[in-house]
Amino acid sequence: MKSKSPSVVVDTRQSAKARFRPIPLDSITFGEGFWKNRQQTIRNTSLKLQFEECEKTGRLENFRIASGRRTGTRSGLVFNDSDVYKLLEAASWALASESDEVLEQLIDTAIDEIAAAQQSNGYLNTAFMFDNEGLRYTDLKNDHELYCYGHMIQAAIAHKRSTGKETFFDIAIRVAQHLLDTFGPGKLESTDGHEEIELALVELYRETGTQEYLNLAHFFLSMRGQSDTTMTGGENRVHGTDRSYFQDHLPVSEQHEADGHAVRLTYLASGMADVELEGAGDGMQSALDSIWDSAHLRRSSVTGGIGARYQGEAFGDDYELPNERAYNETCASLGSIFWNWRMLNLTGEAKYAEVIERQLFNGALSGLSIDGTGYFYMNPLTSAGGYSRTPWFTCACCPPNIARLIMSLASYFYSEHDQELWIHQYASGSVQASGLSLAVDTDYPWSGDIRVTVTGNSTVEHSILLRVPEWATNSTVVINNESAISMVEGTYHRISRKWSPGDTLAINFPIGPRRIYSHPRITNNSGRVSLARGPLIYCLESADQTGSSVFDLALAPNTEIAATYDPNLLGGLTLLKASGTELERTSISSLYSDARTDQNGSKPKELIAIPYYAWGNRGDSQMQVWIPEK
Ligand SMILES: [Zn+2]
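Residues numbered from 1 in each chain as written. Predicted model: local features only at pLDDT ≥ 70, side-chain atom pairs only at ≥ 80, totals over all residues. Heavy atoms only, no water.

Student: Run through the coordination of the zinc ion, naming residues and quoting values.
Tutor: Surrounding the zinc ion are the protein donor atoms Glu329 (OE), Cys331 (SG), Cys397 (SG) and Cys398 (SG), which sit 2.1 to 2.3 Å from the metal. Around the zinc ion, the four donor atoms sit at angles spanning 93 to 119 degrees, and that spread fits a shape best called tetrahedral. Read N to C, the donor residues that coordinate the zinc ion are spaced as E-x1-C-x65-C-C. Of this pair, glutamate 329 sits in the loop between helix 11 (284-298) and helix 12 (330-347) while cysteine 398 sits in helix 14 (residues 398-407), and the two are 69 residues apart along the sequence. There is no split in this pair, since glutamate 329 and cysteine 398 are both buried. (Donors = N, O, S within 2.8 Å, 3.2 Å for Na, K, Ca; no water. Tetrahedral: all angles 85-135°; square planar, octahedral: opposite > 155°, others 65-115°. Helix = DSSP H or I, 4+ residues; strand = E, 2+ residues; numbered from the N terminus. Buried < 20%, exposed > 50% of the residue type's maximum accessible area, 1.4 Å probe, protein only.)

What follows is the structure in C-alpha cells.
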C-alpha cells in the first residue's frame, strides 16, 4: 500500500526541492490527549452527521440525478459537489488509522454514486449536466468547476492511500485526463476563480509520477493575471471588476501582498509552494515570501485568523484587524495551515510551524464545537451575543474542511531528512522514522513538559530536532538526567548522537500565562491586552463571569494570572483567573461626557478566561479576546 500521508508525500523519492521527506500516517500514532480526543469526536460524531447533512441537503442526491438513477432537479450551490468530496477525504483519513465498517460503507456507497455520474469523456460536475451542458467552463470566474475537481482529486488520493482501493482514484484519473484533453496551451487557456485544482494536480503528480499533471498545475497558475478575459465569465455581485478578489490582478510571481478572498489566497499560495517544491516554480519563492509577510505579519489576528473583511471574505489593508467584525473564516485558517506546511517543507524554518500551531489551537479549532456537532464559519474576536454554532451551512465549506485536516493531522507533526527526525508539533504518541523510534508523553497544551523516549536502537548518529515555540522563552531540555541545556525560542534545537533504547529527552517549555499587546496601528486594541498560555489564546466569555457583561470588565495591570485545570469544563481545559474590575454602568447615564467615564464607579472583580477555541459551547453568550487593561 502507498504511504498514508495527506500531502507533500512521495513514496520513492523526496519532492525535488523539499527540505524533508514526510512521514506517513501509519508511522505516527496519537496517544490519549488533546488531538486524539478531537479525532475520536470527529470519527464518532461529526463525520456521520456530515454524511446525514449531505443526504438531507441534496448534495448526494445531486449525483444520483446526474447519473439518471433518480429523476429530479439538481439543488444547492454550484460548488456543492466539493462538500461531498471533502467529507470523503476526511472519512478516508479516518480509515487510515482505524477500521470502521459504517464509515467504509458510507464512503463506498458515495463513490458508487459518483462513479455512475461520470460521463464517458471524464467530465463530472452535477451542476452542468443535461440542459446545463452548454454552460461548461463558460464562467470559470464563478462556477468553481476546477475547484470541485481539485477537492475530488485530493479525496481520491486520500481514499487510495488510506484504504488501498482504487475505485475513487480511477474516477479522479479520468477527470485528470479530461482536464489534460481540455485545458492547456492551444486548448482552453483559462483558469478557475477559486484556486484548488493546482495543489490537487501536484499531489496527483506525486502519486503517479505523471509529469503532465505538474505541467497543468503550473499552467493554471500561469493563467492568472493575464488579460481580463482569460478567466471566462462575467462580473458577479462580490468581485465586480476587482480582479484581486481571485488573485487575477497580476501574474502570480509579481504578487506581493495578501489580497482578495482569503481562502482563495491560501489555496493559491499552497499551489505555488507545491509547484515550487517540485522544482517547477520559476522563481515563485520570492512572491511566496512577500505574500507570507503580508498575510502573517500585517493582516492576521492574534488567533491566526485571516481575512478581516466580510465584504468579499477578503483580507483588509495592513493593520485593518477588527474584532467584532472580523470575518476570519475557518477555511482561511485551514488554508493557512496547508500553505505553511508547504513553506515549512520548502525551508525547514520554524516560523511556518509556529503559524500552523497558532492556527490549529485557535483560528481553526474555534470552528468546531467541543461535541463535534456544530461549526463556526466566521471566527470573530468579540461577540455581543446572538452568534452561535450551527450544525451545517448552505455554503458548507468549513465543516468537512476542518474534519479532513484533523483526521490527517498527525502527519503535520514530524518530518524526516537523512538521519534527522524533526518534531514540529507536540502530542502524546509515537513515531517511527529515519531509523528512529520515539515515544512522546505529554499533556500539551495544558503542560509544557514533554518527555521523549527512544524506543529503538540507532546504529549510526541521528539528530532529533525539537521546535521551540516563539513564546517559550527560557526553554530547556535534559538528556538522560545530564545537566539542562538551554534552547532558543523560535528555532529548531538539534541534538545529535547515537541513540539507545531508554534514552530520554525531558523538554520544558515555560508555558505560564502571558499578556499579549498589539501593534499600535491596530487601533481597536488600544489600551487592551489579550491573554495566552502556551499556544492558546484566551478570551472572556459571559458564561464564566457570574452575571457581569464581558464588556464591563477590565484586567488590572501587573496582576498575577493563575492557571487552573478543570477536567469537567468543556471537555477539560485550563482556566485563567486574574483580578480586575467591573464597571458599574448605572453610574453612567449619558452617551457622551466632558469627563472620562471609564475610571469611576468600578468594583473589584475576578476575571475568568477560557481558551478561545472553547467559546460558544454553552448557548448564546458574549465573548471578548482583547480586554481593557487598567
Ligand atoms: Zn469555509
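Student: Please set out the packing of aromatic side chains residue by residue, giving values where relevant.
Tutor: Counted according to the given criterion, the structure contains 30 aromatic pairs. With centroids separated by 5.0 Å and ring planes inclined at 80 degrees, the aromatic side chains of tyrosine 137 and phenylalanine 183 adopt a geometry described as edge-to-face. You can see tyrosine 137 sitting in the loop between helix 4 (101-117) and helix 5 (140-143) and its partner phenylalanine 183 sitting in the loop between helix 7 (167-182) and helix 8 (197-208), a full 46 residues away along the chain. When the ring of phenylalanine 183 is compared with that of phenylalanine 220, the centres are 5.3 Å apart and the planes differ by 65 degrees; the resulting orientation is edge-to-face. Linking phenylalanine 183 in the loop between helix 7 and helix 8 with phenylalanine 220 in helix 9 (residues 211-222), this pair joins segments that are 37 residues apart in sequence. There is no split in this pair, since phenylalanine 183 and phenylalanine 220 are both buried. The ring of tyrosine 123 is capped by arginine 136, whose NZ or CZ atom sits 3.7 Å from the centre of that ring. Here the guanidinium or amino end of arginine 325 rests over the ring plane of tyrosine 310, the centre of that ring lying 4.1 Å away. (Phe/Tyr/Trp six-rings, centres within 6.5 Å; stacked < 30°, edge-to-face > 60°. Lys NZ or Arg CZ within 6 Å of the ring centre and 35° of its normal.)

Student: Please set out the nonpolar core residue by residue, giving values where relevant.
Tutor: The biggest cluster of nonpolar side chains holds 202 residues, and the ones touching the most others in it are Trp35, Phe168, Leu466 and Phe509. Every residue in contact with tryptophan 35, bar those within four places of it in the chain, is listed here: Phe30, Leu360, Phe361, Leu365, Ile406, Leu409, Phe413 and Ala427. (Core = buried A, V, L, I, M, F, W, Y, C linked by side-chain atoms within 4.5 Å. Contact = heavy atoms within 4.5 Å.)

Student: So, the sheet that holds strand 13 (residues 504-508): which residues are in play, and what are the values?
Tutor: Spatial strand order, 2-6-7-8-13-10-11: seven strands in an open sheet with antiparallel pairing. The sheet is open, and its two borders are formed by strand 2 (28-30) and strand 11 (485-487), each paired with just one other strand. Put simply, the sheet's adjacent strands are angled 20 degrees from each other on average, direction ignored. Bridge analysis of strand 10 (residues 475-479) against strand 11 gives three bridges, and the strand direction is antiparallel. Each bridged residue has a counterpart across the sheet, and for valine 477 the counterpart in strand 11 is isoleucine 485. (Pairing = 2+ DSSP bridges. Axes fitted to C-alpha atoms, helices over the stretch in contact; angles between N-to-C directions.)

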